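Structure at a glance
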Amino acid sequence: MANKKITTDSGINIEPCYNYSHLYNGVVPTAYAEKPGEFPFTRGVQEDMYRGKLWTMRQYAGFSTAEESNKRYHYLLNQGVMGLSVAFDLPTQIGYDSDHALAEGEVGKVGVAIDSIEDMQLLFKDIKLQDISTSMTINATGFILLSFYVALAKQQGADLKKITGTIQNDILKEYAARGTYIYPPKPSMRIITDIFEWCSQDLPKWNTISISGYHIREAGSTAVQEIAFTLSNGKAYVKAALEKGLNINVFGKRLSFFFNAHNNLFEEVAKFRAARRMWARIMKELGATDEKAMMLRFHTQTGGSTLTAQQPLNNISRVTIQTLAAVLGGTQSLHTNGYDEALSLPTEAAARIALRTQQIVAFESGAPDTVDPLAGSYFVETLTNEMETAATTLMQKIDAMGGSVSAIEEGFIQEEIARSAYNYQRQVENNEKIIVGVNKFQVQEENKMPGFKIDDSIRAMQAARLQQLRSSRDHAKVDQCLQLLNDKAISGENLMPAVIEAVENKITLGEIADELRSVFGEYK
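This write-up is about the structure you can find in this document. Sequence positions are assigned chain by chain, starting from 1 and proceeding in written order. Given that the model is predicted, a residue must reach a pLDDT of at least 70 before its local features are reported, and side-chain atom pairs must reach 80 or more before they are shown or counted; all residues, however, enter totals for whole chains, interfaces and linings. Side-chain numbers come from the whole structure's heavy atoms, not from hydrogens or water.

Side note on the overall build of the chain
Under the DSSP-based scheme used, a helix requires at least four consecutive residues in state H or I and a strand at least two consecutive residues in state E, with every element numbered from the N terminus. When helices and strands are counted, the chain shows 20 helices and 11 strands. Both definitions apply: the radius of gyration is a C-alpha atom measure, and the globule rule equals 2.2 Å times residues to the power 0.38. What you see for the chain is a C-alpha radius of gyration of 23 Å, in line with the 24 Å of a compact globule of 524 residues. Every residue pair with non-hydrogen atoms within 4.5 Å of one another is taken to be in contact. Long-range pairs, those at least 24 residues apart, make up 78% of the contacts in the chain with a sequence separation of at least 6. Only the protein chains shown count as covering a residue, and every accessible area follows the Shrake-Rupley method with a 1.4 Å probe. Surface exposure of the chain reaches about 21600 Å², of which carbon and sulfur atoms provide 50%.

Digging into the sheet that holds strand E8 (residues 209-212)
Pairing in this open sheet of nine strands is parallel, and the strands run E7-E6-E5-E4-E3-E11-E10-E9-E8 from one edge to the other. Here the strands that pair on one side only, and so sit at the sheet edges, are strand E7 (206-207) and E8. A pair of strands counts as paired when DSSP detects no fewer than two bridges linking them. Here four bridges tie strand E3 (residues 56-61) to strand E4 (residues 83-87), and the two strands are oriented parallel to one another. Looking at E4, one finds that tyrosine 60 is bridged to serine 85. A fitted line through C-alpha atoms represents every axis, and for helices the fit uses only the stretch in contact; the resulting angles, taken between N-to-C directions, go from 0 to 180 degrees. Along the sheet face, helix H13 (residues 348-363) touches E3 and strand E11 (333-335) and points at about 170 degrees away from the line of E3.

Quick look at helix H18 (residues 475-491)
End to end, H18 covers 24 Å across 17 residues, agreeing with the expected 24 Å (1.5 Å per residue, within 8%). Here the term buried applies to any residue with accessible area under 20% of the maximum for its type, exposed to any over 50%, and partly exposed to those in between, with areas from a 1.4 Å probe on protein chains only. Taken together, the buried positions of H18 are occupied by Val478, Cys481, Leu482, Leu485, Asn486, Lys488 and Ala489. Relative to the axis of H18, the buried residues are bounded by an arc of 165 degrees and lie together on one face. Facing away from the buried side of H18 by more than 90 degrees, the exposed set consists of Ala476, Asp479 and Ile490. Packed against the buried residues of H18 are helix H7 (185-202), helix H19 (496-504) and helix H20 (509-520). Residues adjacent in sequence count toward polar contacts only when both atoms are side-chain atoms; beyond that, a polar contact is any pair of N or O atoms within 3.5 Å, and within protein one must be able to donate a hydrogen and the other to accept it. The opening residue of H18 is aspartate 474, an N-cap whose side-chain oxygen sits 3.1 Å from the backbone nitrogen of alanine 476. With its phi angle positive at about 90 degrees, glycine 492 sits one or two positions after the end of H18. The span one expects for a helix is its residue count, reduced by one, times 1.5 Å. Our arc is simply the arc of the directions from the helix axis toward the C-beta atoms.

Quick word on a nonpolar patch on the surface
A cluster of nonpolar side chains, contributed by Ile434, Val436 and Phe441, occupies part of the molecular surface with about 270 Å² of accessible area. With a relative accessible area of 52%, phenylalanine 441 lands in the exposed category. A patch consists of residues whose relative accessible area exceeds 30% and which take part in no salt bridge; residues with like charges are grouped when within 9 Å of each other, and nonpolar side chains (Val, Leu, Ile, Met, Phe, Trp, Tyr) when within 5 Å. The salt bridge criterion pairs a side-chain nitrogen of Lys or Arg with a carboxyl oxygen of Asp or Glu, the two atoms within 4 Å.

Some points on the pattern of salt bridges
One pass over the structure, following the stated rule, counts 31 salt bridges. Across the pair glutamate 268 and lysine 271 runs a salt bridge whose closest N-O atoms are separated by 2.7 Å. Here glutamate 268 pairs with lysine 271, and both are found in helix H11 (residues 265-285), just three residues apart, close to one helical turn. Using a relative accessible area of 0% as the deciding quantity, one classes glutamate 268 as buried. A relative accessible area of 0% means that lysine 271 is categorised as buried. A salt bridge links arginine 473 to glutamate 511; its shortest N-O distance comes to 2.7 Å. With arginine 473 in the loop between helix H17 (458-471) and H18 and glutamate 511 in helix H20, this residue pair connects regions lying 38 residues apart in the sequence. The same class applies to arginine 473 and to glutamate 511, which are both buried. By sharing partners, the salt bridges in this structure join Asp97, Asp99, Arg470, Arg473 and Glu511 into a single network.

Some remarks on the nonpolar core
For this analysis, a nonpolar core means a set of buried residues of the types Ala, Val, Leu, Ile, Met, Phe, Trp, Tyr and Cys, connected via side-chain atoms within 4.5 Å. Counting residues in each nonpolar core, the largest one holds 137 residues, and the members touching the most others are Met120, Phe124, Met136 and Phe143. Counting residues per element, this core draws most heavily on helix H9 (residues 223-243), at 11 residues. For phenylalanine 143, the residues in contact, after removing those within four places along its chain, are Tyr183, Ile191, Ile195, Met496, Val499, Ile512 and Leu516.

Encoded structure:
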């Protein structure tokens, strides 16, 4: 047993015991005195981290209609949530109105249906956008949802210079791992840099992209692949913005990241520390001189794919470990999954326990009391170094292919993720990897948990609302706005002002997406 080989989930060998020799090759360097809040930010992006301010506690929510989601948001805000995180249904994500034939059976199912500015008004009814931070998990149509949000903020009389939040807006991981894309890569990248440019001038506190490793990990990648592929995508976005002539020290400060937290506590902590260090060096190499533009700031969500339908209450323990990993790793904001999410959308009770998990870690565990509490651990420091080495090697392969876009077009990233997912599943089926309640420690159980289901009548309600909207608007103005959008898409001018004008004139998400489909085509 003493000689048994044990590895992390990424395949990094774990020694029986760690000491100085692993970390420093027997010699302690005098330069080893990195402080939190200093380049390359291994120990965190703030000098005092959670002693100064706790991470933002978000709960990802959105389902059914805008009215129903609005009720859940008010409930979460009353329970102590610090920021909202919006989930959108599949038609909204891929640019179809709720009454489109392809939307049938999907309206309101995995998130809220947002077709127009009127839906956005209902979604945030009695919530002042200037007073909250909102994260929107939306990619292909991120520019449209951001335009709805900006239009609503203007209606509320908000100062756009004070509006804070994030749109995910990370299209490359859609091609690699998730699939909710619309346009081909080049026009999609153009839309993203349009958002960078417009926000830097008009919405300066908004995080214009959340470069996402979460879905890469959910698709089956290892922790090493998660940071390698995510940071490679980040490099591609930065290079695209630089080619457009944007200032890296300006847009670099508004880049954020989105990572997964899994159950292997120490590997996850090392992953977050390594990713921060790697990104700081990448941005410096790309020309950043302002340290704030080199900081990797990130949101974390606990691992959806780790949740089990068997013995679902066990998921509370899994989420607690993952919460600790995110906090010990230095996250800036966090969403904790409901224990019942392997069975249905989270019930209100499950959402409350998920939030309470964060609050218990924040106020009872002592984990936030000192900065980077695992620093100096022989094991964690060595693992951080090894994670960085392995991820850098993988990134060099992607660079040799010409970067992320080329690696995705060649299928390299997709194949790597698929191979890791297959290997993991094989280990579970061979009992090499134990999943409690799934392949060991099973019990006879009847599922008596109350599921949270969405009624199919939602689509009819949305369709009626759309019909009313279309009959009440200025049709000449609609035609004029869509023509302007078409012209700007062809000319290469920034699209954001035309999209904002379109949504203010009651043009729907599907109509805007279709107008651009006619110019850019669809990715197959």
